[in-house]
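Residues per chain are reported as follows:
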Amino acid sequence: QVRLVESGGGLVQAGGSLRLSCVVSGRTFASYAVGWFRQAPGKEREFVAAISLSWTSYADSVKGRFTISRNNAKNTVYVQMNSLKPEDTAVYYCAARERSTVAAGTNEYDYWGQGTQVTVSS
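The structure contained in this document is the topic of the report that follows.

Cut-offs applied
- Residues numbered from 1 in each chain as written.
- Predicted model: local features only at pLDDT ≥ 70, side-chain atom pairs only at ≥ 80, totals over all residues.
- Heavy atoms only, no water.
- Helix = DSSP H or I, 4+ residues; strand = E, 2+ residues; numbered from the N terminus.
- Rg over C-alpha atoms; globule rule 2.2 N^0.38 Å.
- Buried < 20%, exposed > 50% of the residue type's maximum accessible area, 1.4 Å probe, protein only.
- Contact = heavy atoms within 4.5 Å.
- Areas by Shrake-Rupley, 256 points an atom, 1.4 Å probe, with all protein chains shown as cover.
- Disulfide = S-S within 2.5 Å.
- Pairing = 2+ DSSP bridges.
- Axes fitted to C-alpha atoms, helices over the stretch in contact; angles between N-to-C directions.

A few points about the overall build of the protein
When its secondary structure is counted, the protein shows 0 helices and 11 strands. Shown N-terminal to C-terminal, the secondary structure of the protein runs as helices and strands in the order β-β-β-β-β-β-β-β-β-β-β. A compact globule built from 122 residues would reach a C-alpha radius of gyration of about 14 Å, and the protein, at 13 Å, matches this within 12%. Considering only C-alpha atoms, the protein reaches an extent of 40 × 30 × 25 Å along its principal axes. A burial count over the protein gives 44% of its 122 residues as buried. Sequence separation of at least 24 residues holds for 59% of the intrachain contacts in the protein that already meet a minimum separation of 6. When the accessible area of the protein is evaluated, it comes to approximately 6300 Å², of which 47% is carbon and sulfur surface.

Set out below in structure tokens:
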């Protein structure tokens, strides 16, 4: 059974930074691609960033502000979020897929965490 647990959300002022963490249980973590998604009230869940062993991918809305990384020794994926804007406010979810390639679709991921709230005040 694969379990994902996010942490690091909170309240921050516009222009500030947060780092989210996602710990993934499972013996084959290194073979998983992991993505971050977000969902604001009344909106669909949207892709933020994803990482495999060799590739990273970002949504246009976060390029240059967010950085995704992974530490395979700790089974953890991070997303460093800088220059935060009020429109970044959402519940952020991490997800894992049993393939080594990154993907941007919610239906392309096999396992999901419970989410962590990020609120950016203006």
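A closer look at the environment of Ile51
Here Ile51 shows up in strand β5 (residues 46–51). C-alpha of Ile51 to C-alpha of Val77: the two residues are 26 residues apart in sequence and 8.4 Å apart in space.

A few points about the state of the cysteines
For the structure shown, the criterion picks out 1 disulfide. With a sulfur-sulfur separation of 2.0 Å, Cys22 is cross-linked through a disulfide to Cys94. Sign of the S-S torsion, about 60° for the bond between Cys22 and Cys94, identifies this disulfide as right-handed. Of this pair, Cys22 sits in strand β3 (residues 18–24) while Cys94 sits in strand β9 (residues 90–97), and the two are 72 residues apart along the sequence. Comparing Cys22 with Cys94, the two get one shared label, buried.

Overview of the pairing of strand β7 (residues 66–71)
Covered by surrounding structure in β7 are Phe66, Ile68 and Arg70 only, the residues Thr67, Ser69 and Asn71 on the alternate face being uncovered. As paired strands, β7 and strand β8 (residues 76–81) are joined by 6 bridges and run antiparallel to one another. Bridged to Ile68 within β8 is Val79. Here β7 folds back onto β8 in antiparallel fashion, the turn holding 4 residues, of which Asn75 has a positive phi close to 50°.

A look at the sheet that holds strand β1 (residues 4–7)
In spatial order, the strands read β1-β3-β8-β7; together these 4 strands make up an open sheet with antiparallel pairing. Two strands close off the open sheet at either side, each with one partner strand: β1 and β7. Averaged over all pairs of adjacent strands, the angle between their axes in this sheet comes to 15°, without regard to strand direction.

By themselves these figures say nothing about function.
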